[in-house]
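# A structural walkthrough
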Amino acid sequence: MTNEGLPLDMGWVLSSRVNKSAVDRRAAEIGTRRSVKKKWQVAWELRAIQCIDLTTLAGDDTPGNVLRLCAKARNPVKSEILEKIGINSLKTGAVCVYPNHVREAVKALAGSGIPVASVATGFPAGQTPLETRLQEITFAVNEGAEEIDIVISRTMLLLGDWEGLYNEVKQMKKACGNAHLKTILATGEIPTYTDVYRASLVCMMAGADFIKTSTGKEPVNAVMPIGIIMARAIREYYERTGVKVGFKPAGGIRAAKDSVNWLIMMMEELGEEWTHPHLFRIGASTLLPDLERQLYHEVFGRYHGKNYIPLG
């Protein structure tokens, strides 16, 4: 199911307020609770792997890097670990690359059921003309991308031009065609919690299928208070429209425990359905090795050396 969006409701947008101290207190609770252990920890970690958008967005990306990443997405955990756990197969939520690497990723993942996601619209800054950004979306979709991660105009947001932001995202949604649209807010560059909430609403009204915290290139990326704010915007949108929009934290999530905390937050704020890959993704390039290492420990009672775990 895709989000068709709705007309921009400025009354709803401007009436939204966020209680910063309350959100900060709520966020502080999540990381300090007693952590899950044993078989429950294994279950959460397996779910986290299923929700990863395995990502490479570097200036030195090569076809070899992309093919290796796709092979890791198909087989993210060693078969000996999966056999001990008692499951036959496992795969990541998606592979995320630049538009010029989409075609080779699509070919490498053929038959796997793993979608290829592509960043677009002048990632990460978004400071290119709108026509160029729309052409980049069209190119990625034509190359075979099933998901498009766009960056919004922070300039419009900082100027309070909510209508301009809505219209741009609306055009990007149209350019995506049948591909799912993920809108990156780049929250590290947004000055207030209230603006994060309002931007989330505007993007969903414009048709975003997912809202995403960060490009991974900002000084501050995915942090729990921002995640709570965006999850609550999703909840309000769902309560008003009946449409389920997904959420993707990205950037700085490197430890297995952190990924479990994000899943717990989603469970508590939005419900169990939002812990599955059709409504929750984690944008990460270095998280998977730690998840595999923790699973190895749970199964064999000792930690595997990091040099024995493929990075993808």
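Fair warning: this is a prediction, and the values are worked out from it, not measured in the lab.

Cut-offs and rules
- Residues numbered from 1 in each chain as written.
- Predicted model: local features only at pLDDT ≥ 70, side-chain atom pairs only at ≥ 80, totals over all residues.
- Heavy atoms only, no water.
- Pairing = 2+ DSSP bridges.
- Helix = DSSP H or I, 4+ residues; strand = E, 2+ residues; numbered from the N terminus.
- Axes fitted to C-alpha atoms, helices over the stretch in contact; angles between N-to-C directions.
- Contact = heavy atoms within 4.5 Å.
- Buried < 20%, exposed > 50% of the residue type's maximum accessible area, 1.4 Å probe, protein only.
- Right-handed = clockwise from strand over helix to strand, strands pointing away.
- Parallel < 35°, antiparallel > 145°, perpendicular 65-115°, else oblique.
- Left-handed = near helix turned anticlockwise from the far one by under 90°.
- Nonpolar A, V, L, I, M, F, W, Y, C, P; charged D, E, K, R; others polar.
- 1 Å grid on protein atoms, 1.4 Å probe; cavity = no way out; pocket = protein on both sides within 12 Å on 5 of 7 lines; lining within 4 Å.
- Points joined across faces, edges and corners; volume = space filled by probe spheres on them.
- Expected span 1.5 Å × (residues − 1).

### A word on the sheet that holds strand S2 (residues 94–97)
Spatial ordering of the open sheet is given by S7-S6-S5-S4-S3-S2-S1-S8, a layout of eight strands whose pairing is parallel. Looking at strand neighbours, the two that pair on one side only are strand S7 (246–248) and strand S8 (282–284), the edges of this open sheet. For this sheet, the mean inter-axis angle between neighbouring strands, taken without regard to orientation, is 25°. Across three bridges, the pairing between S2 and strand S3 (residues 116–120) is parallel. Counted as the bridge partner of Val97 is Ser118 from S3. With respect to the sheet, helix H11 (residues 224–241) is in contact with strand S6 (210–212) and S7, its orientation differing from that of S7 by roughly 170°.

### Some points on the pairing of S2
Residues Ala94 and Cys96 point to one face of S2 and Val95 and Val97 to the other, with burial holding for every one of them. In the sheet, strand S1 (residues 52–55) pairs with S2 via three bridges, with the strands oriented parallel. Along S2, the bridge assignment pairs Leu54 with Val95. Once you follow S2 into helix H6 (residues 102–108) and on to S3, the crossover reads as right-handed.

### As for unusual backbone geometry
With an omega of 0°, the peptide bond running from Phe123 to Pro124 counts as cis. With respect to the secondary-structure elements, Pro124 resides in the loop between S3 and helix H7 (130–143). Within the chain, Ala186 stands out as a residue other than glycine whose phi angle is a positive 55°. Locating Ala186 in the fold gives a position in the loop between strand S5 (180–184) and helix H10 (193–205). The exposure class of Ala186 is buried, given its relative accessible area of 0%.

### Some points on the packing of H7 against helix H9 (residues 162–176)
Between H7 and H9, whose axes approach to 9 Å, the crossing angle comes to 25°. As far as their axial angle goes, H9 and H7 are roughly parallel. H9 is crossed by H7, and the crossing has right-handed handedness. Facing H7, whose interface residues are Leu130, Arg133, Leu134, Ile137, Thr138 and Val141, H9 presents Glu168, Gln171, Met172, Ala175 and Cys176. Its residues assigned to classes, the contact of H7 with H9 comprises seven nonpolar, two polar and two charged.

### Brief notes about the layout of surface pockets
The computed volume of the largest pocket comes to approximately 530 Å³. Looking at the largest pocket, it is lined by 28 residues, and the ones nearest its centre are Thr55, Thr56, Leu57, Ala284 and Ser285. Sorting elements by how many residues they give to the lining of the largest pocket places helix H4 (residues 63–74) first, with three residues. Split by residue class, the lining of the largest pocket holds nine nonpolar, twelve polar and seven charged.

### Quick look at H7
Taking 1.5 Å per residue as the helical rise, H7 with its 14 residues ought to reach 20 Å, and the 20 Å between its terminal C-alpha atoms agrees with that figure. Burial in H7 covers these residues: Arg133, Leu134, Ile137, Ala140 and Glu143. On its buried side, H7 packs onto H6, S3, strand S4 (147–151) and H9. Gly144 lies just past H7 and shows a positive phi near 120°.

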